[in-house]
Amino acid sequence: MLPVLLSKVFSALRRPAAAARTRRLGFAQAEKCVNLALQGGGAHGAFTWGVLDQLLADGRLAIDGISGASAGAVNAVMLADGLARGGPEEARQRLADFWRAASFGGALPELQREAIERLFAFVPRQGSPMPWLGALSRYWSPYALNPLNINPLKSLIERFVDFDRVRRDSRRELFISATNVHSGQRRVFSRAEVSAEVVMASACLPLLFQTVEVDGVPYWDGGYSGNPTVLPFLRTTETEDLLIVQINPLKRDSTPTSARDIMMRLHEVTFNAPLLAELRALELAERLIVEGGLPRGTRPGQYRRIRLHRIVMDSTAFDDRSKLSNDYDFFDRLRQLGQATAQQFLDAHFGDIGRRSTIDLQADVLPKWLDQRPPVRRVAAS
């Protein structure tokens, strides 16, 4: 009885502080806080739109920090912009407006629509206003096909996001990852650095777009090096719960045999590899904190003990080829799937947030040869 009573007492003591924190983040009715990590995945990013819409509509979770890569970076800045403008309802509206405009049912000019298609797909759809672009990009670089480097995507992003406002909103952290072309290393841009160029860099598929330079450094798609990056949450925000919205499936039950299916699975493996590497690093950090090798806390030099959660798009719901689809009806189906999946997560695991991880890192991400690894021992300073 005594442990239960003490637990209730400590929980009651924490409630006023938690309530003040959620109000500071702009979520007056929220009960708990989470950080979000949004994976890229072409047109399937509309699934993430649905997840975010449901989380915001539910209202029980306040969003402390956001990380995104590629199409996930686009969702991240739309979310951050809406929260900075007017809170959860405004964020829902910004996301809905963007995905409507990005669809082929939207009111974009043909050239701008084609730029969105290049962001969301590996090859153009049937009936594209420039159907030759996909075929030529297999043999010609974007420098030869588009020597003037015309990219209407920037104007579309600037139309929906007030980057000055986002940079000034110090209530929450924002991280956008891109890949340094020269070094091959991941670059994580913080909220104070984010711009339309940074988002374009994070979504720059190298066979489709020229490199995007930020401060004179060329970048490619962030999915190659951090899809999305999660390690910054070890040292930032007070929140220790991280919810990953994952689009690219880790596992497939069948072996691909056609050239297209092999290529699609290769993309899934490639774009999941950075996330798996960072999750392994989080697992190591968790063991070090538990065993005393790293100091836990929110002060400088201390680390957060991250509780991990995940919402995953059902890999059987849509064929990989559907990444090429950009009509609004398809986006809306993905949105509804994201909403339903997010609600299932909340029904099953809302009580776990703030208490324990709902991802088994040892079973899901550790290499099999590490299954019997010895425990990490703290080495005393000499």
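In this text the structure is predicted, and so the values were computed from the model without any measurement. (Residues numbered from 1 in each chain as written. Predicted model: local features only at pLDDT ≥ 70, side-chain atom pairs only at ≥ 80, totals over all residues. Heavy atoms only, no water.)

Novice: For the overall build of the chain, give the residues involved together with the corresponding values.
Specialist: The number of helices and strands found in the chain is 13 helices and 8 strands. A total of 382 residues make up the chain; the buried ones form 53% of that total. Contacts in the chain between residues at least 24 apart in sequence constitute 74% of all its contacts with a sequence separation of at least 6. Counting only carbon and sulfur atoms, one obtains 54% of the accessible surface of the chain, whose full area is about 17,700 Å². (Helix = DSSP H or I, 4+ residues; strand = E, 2+ residues; numbered from the N terminus. Buried < 20%, exposed > 50% of the residue type's maximum accessible area, 1.4 Å probe, protein only. Contact = heavy atoms within 4.5 Å. Areas by Shrake-Rupley, 256 points an atom, 1.4 Å probe, with all protein chains shown as cover.)

Novice: I'd love a proper account of the nonpolar core, names of residues and values included.
Specialist: Judged by nonpolar contacts, the single largest core of 71 residues is most densely connected at Leu36, Leu79, Leu174 and Val194. If you tally residues by element for this core, the top one is helix 3 (residues 71–86), at 8 residues. Not counting residues within four places of it along the chain, the set of residues in contact with Val194 comprises Val77, Phe163, Val166, Arg167, Leu174, Ile176 and Val199. Judged by nonpolar contacts, the second largest core, of 17 residues, contains Phe175, Leu275, Ile306 and Leu308. (Core = buried A, V, L, I, M, F, W, Y, C linked by side-chain atoms within 4.5 Å.)

Novice: Tell me what's going on with the packing of aromatic side chains, and back it up with residues and numbers.
Specialist: Applying the stated criterion to the full structure yields 9 aromatic pairs. Judged by centre distance (5.8 Å) and plane angle (85°), the rings of Phe98 and Trp99 are edge-to-face. On the basis of relative accessible area, Phe98 is assigned to the buried category, the value being 0%. When its relative accessible area of 1% is taken as the criterion, Trp99 is described as buried. (Phe/Tyr/Trp six-rings, centres within 6.5 Å; stacked < 30°, edge-to-face > 60°.)

Novice: Explain helix 2 (residues 45–58) to me, using residue names and the numbers behind them.
Specialist: Since there are 3.6 residues in each turn of an α-helix, residues three or four apart along the chain are aligned in direction. Between the first and last C-alpha of helix 2 there are 20 Å, a value that for 14 residues agrees with the 20 Å anticipated at 1.5 Å per step. The element helix 2 is extensively covered by neighbouring structure, given that 12 of its 14 residues are classed as buried. What helix 2 keeps buried is the set Gly45, Ala46, Phe47, Thr48, Trp49, Gly50, Val51, Leu52, Asp53, Gln54, Leu55 and Leu56. Looking one or two residues past helix 2, Gly59 carries a phi angle of roughly 80°, positive in sign. (Expected span 1.5 Å × (residues − 1).)

Novice: Quick one: what's the story with the pattern of salt bridges, residue by residue and with numbers?
Specialist: Per the counting criterion, the structure on display carries 23 salt bridges. Among the salt bridges present, the one from Arg307 reaches Glu240, with a minimum N-O distance of 3.8 Å. Of the two residues, Arg307 sits in strand 8 (residues 307–312) while Glu240 sits in the loop between strand 6 (217–220) and strand 7 (241–246), which places them 67 residues apart along the sequence. Of the two residues, Arg307 and Glu240, neither departs from the other in class, the shared state being buried. For Glu286, the salt bridge identified is with Arg305, shortest N-O distance 2.7 Å. Within this pair, whereas Glu286 is found in helix 11 (residues 259–290), its partner Arg305 is found in the loop between helix 11 and strand 8, the two being separated by 19 residues in sequence. With a relative accessible area of 23%, Glu286 lands in the partly exposed category. On the basis of relative accessibility, which here comes to 32%, the residue Arg305 falls in the partly exposed class. One salt-bridge network, in which partners are shared between bridges, spans Glu240, Asp241, Arg296 and Arg307. (Salt bridge = Lys/Arg side-chain N within 4 Å of Asp/Glu carboxyl O.)

Novice: With reference to specific residues and values, describe the environment of Ile359.
Specialist: When you line up the elements, Ile359 lands in the loop between helix 12 (328–349) and helix 13 (361–364). Taking C-alpha positions, Ile359 is 6.9 Å from Arg310, a pair spaced 49 residues apart along the chain. When neighbours within four sequence positions are excluded, Ile359 is seen to be in contact with Leu308, His309, Arg310 and Asp364.

Novice: Quick one: what's the story with the packing of helix 3 against helix 4 (residues 88–102), residue by residue and with numbers?
Specialist: Geometry of a packed helix pair, given as the angle between the helix axes and the separation of the axes. One can describe the packing of helix 3 onto helix 4 by two numbers: an axis separation of 7 Å at closest approach and a directional angle of 140°. Comparing their axes, helix 4 and helix 3 come out oblique. Between helix 3 and helix 4 the crossing geometry is right-handed. Here Val74, Asn75, Met78, Leu79, Asp81, Gly82, Leu83, Arg85 and Gly86 of helix 3 lie close against helix 4, whose contacting residues are Pro88, Glu90, Ala91, Arg94, Leu95, Phe98 and Trp99. Residues of the contact of helix 3 with helix 4, tallied by class, amount to 9 nonpolar, 3 polar and 4 charged. (Axes fitted to C-alpha atoms, helices over the stretch in contact; angles between N-to-C directions. Parallel < 35°, antiparallel > 145°, perpendicular 65-115°, else oblique. Left-handed = near helix turned anticlockwise from the far one by under 90°. Nonpolar A, V, L, I, M, F, W, Y, C, P; charged D, E, K, R; others polar.)

Novice: Please set out the environment of Arg186 residue by residue, giving values where relevant.
Specialist: Considering the arrangement of structural elements, one finds Arg186 in strand 4 (residues 186–189). In this structure, the C-alpha to C-alpha distance between Arg186 and Ser225, residues 39 residues apart in sequence, is 5.1 Å. Within polar-contact distance, the side chain of Arg186 engages the backbone oxygen of Ser225 at 3.0 Å. Here the side chain of Arg186 touches Glu278 through a polar contact of 3.0 Å, side chain to side chain. (Polar contact = N/O pair within 3.5 Å; in protein donor to acceptor, adjacent residues only side chain to side chain.)

Novice: Can you tell me about helix 3, naming the residues and giving the values?
Specialist: Between its first and last C-alpha, helix 3 extends 23 Å over 16 residues, near the 22 Å set by a 1.5 Å rise per residue. Judged by how many residues are buried, helix 3 sits mostly within the fold: 14 of 16 residues are covered. Phi for Gly87, located one or two positions after helix 3, is positive at around 100°.

Novice: I'd like a rundown of the environment of Leu83, residues and numbers included.
Specialist: Structurally, Leu83 can be placed in helix 3. Counting along the chain gives 56 residues from Leu83 to Phe27, while the straight-line C-alpha distance between them is 9.4 Å. In contact with Leu83, other than residues within four places in its own chain, are Phe27, Leu56, Ile63, Pro88, Ala91, Asp169, Arg171 and Arg172.

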